[in-house]
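Survey of secondary and tertiary structure
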Amino acid sequence: MSDTTTTSTPATSTPGAGTAGAGTAWSPLVIRPEGGPTGAEGVRDRLAALGDPGDLLAREKALVFRDFDVPEEDVETVMDLLLPNRLGYLHGTSPRTQLGGNLYTSTEYPQHMTIAMHSELSYSHQWPERLFFYCATTPGGGGATPVADGARWLAALDAEVREAFAGGIRYTQNLHDGMGLGRSWRQTFETDDRDEVEAFLKAGEFTWHWDADGGLRMTSPVRPATVRHPVTGTEVWFNQADHFHPAALGDETARELAQILPPEELPQSVTFADGSPIPDAYILHIHDRGLETAVDVDWRKGDLMVIDNVATAHGRRPYTGDRRVLVAMSG
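All values reported here derive from a predicted model rather than from experimental measurement.

Counting its regular elements, the protein contains 10 helices and 21 strands. Every one of the 331 residues in the protein was classed for burial, and the buried ones make up 50%. Residue pairs in contact within the protein that sit at least 24 positions apart in sequence constitute 79% of those at least 6 positions apart. Counting every atom, the protein has about 13,900 Å² of accessible surface; 49% of that belongs to carbon and sulfur.

Right, dumping it as structure tokens:
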């Protein structure tokens, strides 16, 4: 690996390492103080020894900083080292709390739920290049963040599914004005200004209309199911079809709702590029293969991780007790 004082052993385990057609096993690069200082100073010293963080991340796809015991008050300092251009969670679909400085809580879904693999904001026309995670509270049990190599996930999919998605997909969202299912358009775009929302939608070539009740219905242009990494050129699975499709909903109430409402009235839905429905079996196959190819990164208070958002997908395992993981993004 890049440095003799850096380990590349799996963060914990690789449940999908034996998946047929998934390619060579992969795991995040684990970086430790190795006798040097800890905290933000230790992270700075190790990065200085390893070289440019951007080059390192492009090569390794995900970096885990263990045993540095970074205190929460030093998170901003560490983010300055790892995230050159912090972004807000504009057009985000998951519930989270903004803590200031473009730092957020991780997705606030019930702790018994698994959050399936995904690349952040891959359904949008603007997505972050890097994601940063910081563990502020050690989970009582479970609560790992699984990460998956997007190229291995793509290779693990059946040829029939890859071919079906080759033409791309379209996403539709119904965003209420403050009362309704899912997130409001104000939460999604972090503004009360319709003109700002419309400027974003125009830039992304969405079609949209405002409902009489103040809600917003928007449909994306055709989005690709795969992209090529801007540095390596590697083709990776890069979409959130399973997150927008009712077949993969992890909440029982949401599943029941999807049986009552037509897809176009759900808070979010997805179709193939021509508007035809995506079979449930395809969605479940994508969902399952993503989790099977993932490597679990377990958390202890003070741990950090930064991932290449195009090269890798991430999710969340169920947990018990407390768990507080903070997230930031950069362009």
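Structure's up, so let's keep going.
All buried positions along helix H2 (residues 53–60) are accounted for by Gly54, Leu56, Leu57, Ala58 and Glu60. Elements in contact with the buried residues of H2: strand S2 (29–31), helix H1 (39–50), strand S3 (62–65), strand S8 (130–137) and strand S18 (304–308). At the N-terminal boundary of H2, the capping side chain belongs to Asp52, with an oxygen 2.9 Å from the backbone nitrogen of Gly54. Just downstream of H2, Lys61 is the residue with a positive phi angle, here 80°.

Below, the discussion takes up the side chain of Asp308. Relative to the elements of secondary structure, Asp308 occurs in strand S18. A polar atom in the side chain of Asp308 sits 3.0 Å from the backbone nitrogen of Ala311. Setting aside residues no more than four positions away along its own chain, Asp308 makes contact with Leu57, Ala58, Lys61, Glu129 and His229.

This part covers the pattern of salt bridges. The tally for this structure, following the rule as stated, stands at 16 salt bridges. Asp158 is the partner of Arg289 in a salt bridge, and the nearest nitrogen-oxygen pair spans 3.8 Å. With Arg289 in helix H10 (residues 280–292) and Asp158 in the loop between helix H4 (150–156) and helix H5 (159–164), this pair connects stretches of sequence that are 131 residues apart. Of the residues examined, Asp158 reaches a relative accessible area of 39% and is grouped as partly exposed. When the shortest N-O distance is used, the salt bridge between Arg186 and Asp192 registers 3.3 Å. With relative accessibility at 58%, the residue Asp192 sits in the exposed group.

Relative to the helices and strands, Val295 resides in strand S17 (residues 295–297). Judged by its relative accessible area of 0%, Val295 falls in the buried class. Through-space distance from the C-alpha of Val295 to that of Pro146 is 5.2 Å; in sequence the pair is 149 residues apart.

Turning our attention to the packing of aromatic side chains. For any two aromatic rings, the description comes down to two numbers: the centre-to-centre distance and the angle of the planes. For the structure on display, the rule yields 13 aromatic pairs. Pairwise contacts between aromatic rings join Trp153, Phe165, Trp237 and Phe272 into one cluster. Taking NZ or CZ as reference, Arg96 lies 4.2 Å from the ring centre of Tyr89, over its face. The ring of Tyr319 carries Arg323 above its face, with NZ or CZ at 5.7 Å from the centroid.

Below, the discussion takes up the pairing of S8. Counting buried positions along S8 gives 7 out of 8 residues, so the element sits mostly inside the fold. Taken together, the 7 bridges between S8 and strand S21 (residues 324–330) define a ladder with antiparallel strand orientation. For Cys135, the partnering residue across the bridge sits in S21 and is Val325. As defined by bridge partners, S8 adjoins S18 across 5 bridges and the pair is classed as antiparallel. Paired with Phe132 across the two strands is Val306, which belongs to S18.

Here Ser122 lies in the loop between strand S7 (115–118) and S8. One polar contact links Ser122 to Gln240, side chain to side chain, over a distance of 3.2 Å. Contacts of Ser122, omitting those with residues within four sequence positions, involve Tyr171, Phe238, Asn239 and Gln240.

Once that is clear, we can look at the sheet that holds strand S16 (residues 268–272). Spatially, 4 strands are ordered S12-S13-S11-S16 in an open sheet, and the strand pairing comes out antiparallel. Edge positions in the open sheet fall to strand S12 (207–210) and S16, since each of these has one partner strand only. In this sheet, neighbouring strand axes are inclined to one another by 10° on average, regardless of whether the strands run parallel or antiparallel. As defined by bridge partners, S12 adjoins strand S13 (residues 216–219) across 4 bridges and the pair is classed as antiparallel. Looking across to S13, one finds that Thr207 is bridged to Thr219. Against the sheet, helix H7 (residues 194–203) contacts S12 and S13, and its axis sits at roughly 160° relative to S12.

Calculation notes
Residues numbered from 1 in each chain as written. Predicted model: local features only at pLDDT ≥ 70, side-chain atom pairs only at ≥ 80, totals over all residues. Heavy atoms only, no water. Helix = DSSP H or I, 4+ residues; strand = E, 2+ residues; numbered from the N terminus. Buried < 20%, exposed > 50% of the residue type's maximum accessible area, 1.4 Å probe, protein only. Contact = heavy atoms within 4.5 Å. Areas by Shrake-Rupley, 256 points an atom, 1.4 Å probe, with all protein chains shown as cover. Polar contact = N/O pair within 3.5 Å; in protein donor to acceptor, adjacent residues only side chain to side chain. Salt bridge = Lys/Arg side-chain N within 4 Å of Asp/Glu carboxyl O. Phe/Tyr/Trp six-rings, centres within 6.5 Å; stacked < 30°, edge-to-face > 60°. Lys NZ or Arg CZ within 6 Å of the ring centre and 35° of its normal. Pairing = 2+ DSSP bridges. Axes fitted to C-alpha atoms, helices over the stretch in contact; angles between N-to-C directions.

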